[in-house]
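Analysis of the macromolecular model
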Amino acid sequence: MKVIKNICCIGAGYVGGPTMTMIAAKCPHIEVNVVDINAERIAAWNDLNVDNIPIYEPGLSELVAQTRGKNLFFSTEVDKAIQAADMIFISVNTPTKTYGVGKGMAADLKYIELCARQIAAVATTDKIIVEKSTLPVRTAEALKRILENTGNGVNFDILSNPEFLAEGTAVADLLNPDRVLIGGEISERGELAQKSLVELYANWVPREQILTTNVWSSELSKLTANAFLAQRVSSINAISELCEVTEADVGEVARAIGADSRIGSKFLKASVGFGGSCFQKDILNLVYIAQSYGLKEVADYWEQVIIMNDHQKRRFAKKIVETLFNTVSGKKIVILGWAFKKDTNDTRESAAIYVVDYLLSEQAEVVIFDPKVSAERIFADLEYLNTRTDKENRDLVTVVEDPMFAFADSHAAVVLTEWDEFKAYDWSQIYVDMLKPAFLFDGRMVLDSDKMKEIGFNVYTIGKG
């Protein structure tokens, strides 16, 4: 078994940065180098003020402060880090393809392949390669072929070690994971490489929570886990629409079915729809893999989860327009929340983007506040959709740093992220500031709707008749 003294992680994003910070904190005897070709991102990780690191996660800044400069280093010197490492984590982006075969569904593996070719070109000693990015099943096979055919005669052992972090609780998830999954090749060398990674995690994770499988099972488990979680969200969202027309309460329905030990209560909260970098991307990838093997019924089944999620976002936006007397043209609407969930600054696939895009297409004047998302990020998200020009977006959208001044003469307030601070707002004063009738749309079921109605608001809450 190889004793790991030096780790390199290629990719300083939402997975690589926090994961390597935790490894550095729990393994002070190991040097950890996080490398990325994005110099701006690396500079942010190295900012003297740890509050300015590029990823907001509760507790992460403190961990970076403890380890950075001691045994945790952030750099753009990729080749140097590869050369020195015993173990290399690949944690680069695997977005959905926007071109060619599999467009809109398959994972784009160009960054993974570039990593493999760079490792092969630079490495002069044996390396353990760990797939940390979310990848389609059998990607390890392609990685191995690239590494073995273009390398310098060194040995490469490939492991799959998917992440199961929930954004907003990533530090807690890393500290006390439900499980750590490590897939390895079924060979003597593969088992030794697998054992090296098991020993690394065993520095702080109980051994009974470290699961070992073959590589293919590990790769597929990540996609499957996210598909099952997203399926629960779409399932309860489908019921939320039924609740609204039957005057049932989706919160009460969720509580009733969640009390069944066979079902459980997690991921049964109705909302405007799921977002984030994983759920949609991984399900589409699963759909594409099923299609590529000719499994039409399997592909259709999982695609319905995405169809339901898109429908939920669209019907929520449509409900706003219908409620505001079938027109929002020229009306001021205040949006609370842009991140896809609370306690993160990640906006990828956030439901807010699509709801606001719909409102802008109806000529609404939108004011947006999020406690952790910058104006630049918000405008970049809207521009990426290509629905209208950047100038048109900026003419219709205002991003504010203090929401309490935003409500004056507004027609509606819309909650799209479940930030805790929204519950503590002075909603009585907000009601006074707004035009009447004052409308409140709660897309995350975070506010007390009865209390809001007592104040005077016309309230629409997802899943309530």
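Here, the structure is the one placed above.
For the structure given in this document, a descriptive report is provided here. (Residues numbered from 1 in each chain as written. Predicted model: local features only at pLDDT ≥ 70, side-chain atom pairs only at ≥ 80, totals over all residues. Heavy atoms only, no water.)

**Quick notes on the nonpolar core**
Residues Phe316, Ile333 and Trp427 are the most contacted members of the largest nonpolar core, which totals 61 residues. For this core, the element with the most residues is helix H13 (residues 351–361), which contributes 7 residues. Those residues within four positions of Ile333 in sequence are excluded, and the remaining contacts are Ile320, Leu324, Val328, Leu359, Ala364, Glu365, Val366, Val367, Ala412 and Val414. (Core = buried A, V, L, I, M, F, W, Y, C linked by side-chain atoms within 4.5 Å. Buried < 20%, exposed > 50% of the residue type's maximum accessible area, 1.4 Å probe, protein only. Helix = DSSP H or I, 4+ residues; strand = E, 2+ residues; numbered from the N terminus. Contact = heavy atoms within 4.5 Å.)

**Some words on a nonpolar patch on the surface**
Judged by side-chain polarity, Met1, Val3 and Leu192 come together as a nonpolar surface patch covering roughly 270 Å² of accessible area. Positionally, Val3 belongs in the segment before strand E1 (6–10). (Patch = residues over 30% accessible without salt bridge, like charges linked within 9 Å, V, L, I, M, F, W, Y side chains within 5 Å. Areas by Shrake-Rupley, 256 points an atom, 1.4 Å probe, with all protein chains shown as cover. Salt bridge = Lys/Arg side-chain N within 4 Å of Asp/Glu carboxyl O.)

**Section: the environment of Ile112**
Secondary-structure assignment places Ile112 in helix H5 (residues 110–122). Counting along the chain gives 30 residues from Ile112 to Ala142, while the straight-line C-alpha distance between them is 9.9 Å. Beyond its immediate stretch of four places on either side in the chain, Ile112 contacts Ile90, Val92, Thr94, Ser133, Leu135, Thr139 and Leu143.

**Comments concerning the sheet that holds strand E11 (residues 397–399)**
On the basis of which strands lie adjacent, the open sheet formed by 6 strands has the order E11-E10-E9-E12-E13-E14 and parallel pairing. Single-partner strands in this sheet number two, and they are E11 and strand E14 (458–461). Pairwise comparison of adjacent strand axes, ignoring direction, gives a mean angle of 20° for this sheet. Here 4 bridges tie strand E12 (residues 412–415) to strand E13 (residues 439–442), and the two strands are oriented parallel to one another. When the bridges of E13 are listed, Ala412 appears paired with Phe439. Along the sheet face, H13 touches strand E9 (332–336), strand E10 (365–369) and E11 and points at about 160° away from the line of E10. In this fold helix H14 (residues 375–385) packs onto E10 and E11, with an angle of close to 155° to the strand it touches most, E11. (Pairing = 2+ DSSP bridges. Axes fitted to C-alpha atoms, helices over the stretch in contact; angles between N-to-C directions.)

**Section: the pairing of strand E2 (residues 31–35)**
For E2, the buried fraction is high: 4 of the 5 residues fall into the buried class. In terms of strand pairing, E1 meets E2 through 5 bridges, oriented parallel. Bridging from a neighbouring strand, Asn6 pairs with Glu31 of E2. Crossover handedness for the path E1 to helix H1 (residues 16–26) to E2: right-handed. Bridge analysis of E2 against strand E3 (residues 72–75) gives 4 bridges, and the strand direction is parallel. Looking at E3, one finds that Asn33 is bridged to Phe73. (Right-handed = clockwise from strand over helix to strand, strands pointing away.)

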